[in-house]
Amino acid sequence: MMSELLDRLFIWLYLLFVSVFLVLISILMPVTIDEREELSVAMFGYPFPFAQQDLMITYEDYAVDYPHKFTISFNMLENTSSIYFHKTPFFFSVLIVYIGLLIIRYLHNRFLL
């Protein structure tokens, strides 16, 4: 009985870790910026955008047609602005992914095992 509870706890914690990891790497996905002014408040992250960066500093001399896809800037050699994390959308993003993983696990156990 105790072993089964520990197994469930381990699986729940593992899925939570995977959820946080998936949400954090989602900031690497490009976002579409519709006009130049949006570069100053570019938002990254899925399912809810939670990481904000001022891309105007990095791409101010970058001439492109809008809408255009941009990625978050991590280049330490260039003049890049810091990344601000909004906690509430990050929490809800992790929660949504976690619930999704729990549903997938339930369906897997219910129909495939």
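Residues numbered from 1 in each chain as written. Predicted model: local features only at pLDDT ≥ 70, side-chain atom pairs only at ≥ 80, totals over all residues. Heavy atoms only, no water.

Draft legend 1. Region of the structure containing the overall build of the chain. Regarding its fold elements, the chain presents three helices and five strands. Its helices and strands in sequence order give the chain the pattern α-β-β-β-α-β-β-α, from N to C terminus. Here the chain has a C-alpha radius of gyration of 19 Å; the compact-globule value for 113 residues is 13 Å, and the former is much larger. Viewed in the frame of its principal axes, the chain has a C-alpha envelope of about 65 × 25 × 25 Å. Of all 113 residues assigned to the chain, the portion counted as buried reaches 23%. Taking the intrachain contacts of the chain between residues at least 6 apart in sequence as the baseline, contacts between residues at least 24 apart amount to 58%. Total accessible area on the chain stands at roughly 8200 Å², and carbon and sulfur atoms take up 68% of it. (Helix = DSSP H or I, 4+ residues; strand = E, 2+ residues; numbered from the N terminus. Rg over C-alpha atoms; globule rule 2.2 N^0.38 Å. Buried < 20%, exposed > 50% of the residue type's maximum accessible area, 1.4 Å probe, protein only. Contact = heavy atoms within 4.5 Å. Areas by Shrake-Rupley, 256 points an atom, 1.4 Å probe, with all protein chains shown as cover.)

Draft legend 2. Expanded view of unusual backbone geometry. Here the amide bond leading from Tyr46 into Pro47 is cis, since omega sits at 0°, within 30 degrees of zero. Residue placement: Pro47 occurs in the loop between strand E2 (42–44) and strand E3 (51–53). Residue Pro67 is reached from Tyr66 by a cis peptide bond, and omega for that bond is 0°. Here Pro67 shows up in the loop between helix H2 (56–59) and strand E4 (68–70).

Draft legend 3. Structural detail: helix H1 (residues 2–25). Along its 24 residues, H1 runs 35 Å from first to last C-alpha, staying within 8% of the 34 Å computed at 1.5 Å per residue. The set of residues buried in H1 consists of Leu15, Ser19 and Val23. Next to the buried residues of H1 lie helix H3 (87–111). (Expected span 1.5 Å × (residues − 1).)

Draft legend 4. Looking closely at the packing of aromatic side chains. Tallied over the full model, the rule gives five aromatic pairs. Taking 5.9 Å as the distance between ring centres and 25° as the angle between the ring planes, the aromatic pair formed by Phe50 and Phe85 counts as stacked. Of this pair, Phe50 sits in the loop between E2 and E3 while Phe85 sits in strand E5 (residues 83–85), and the two are 35 residues apart along the sequence. Judged by its relative accessible area of 0%, Phe50 falls in the buried class. (Phe/Tyr/Trp six-rings, centres within 6.5 Å; stacked < 30°, edge-to-face > 60°.)

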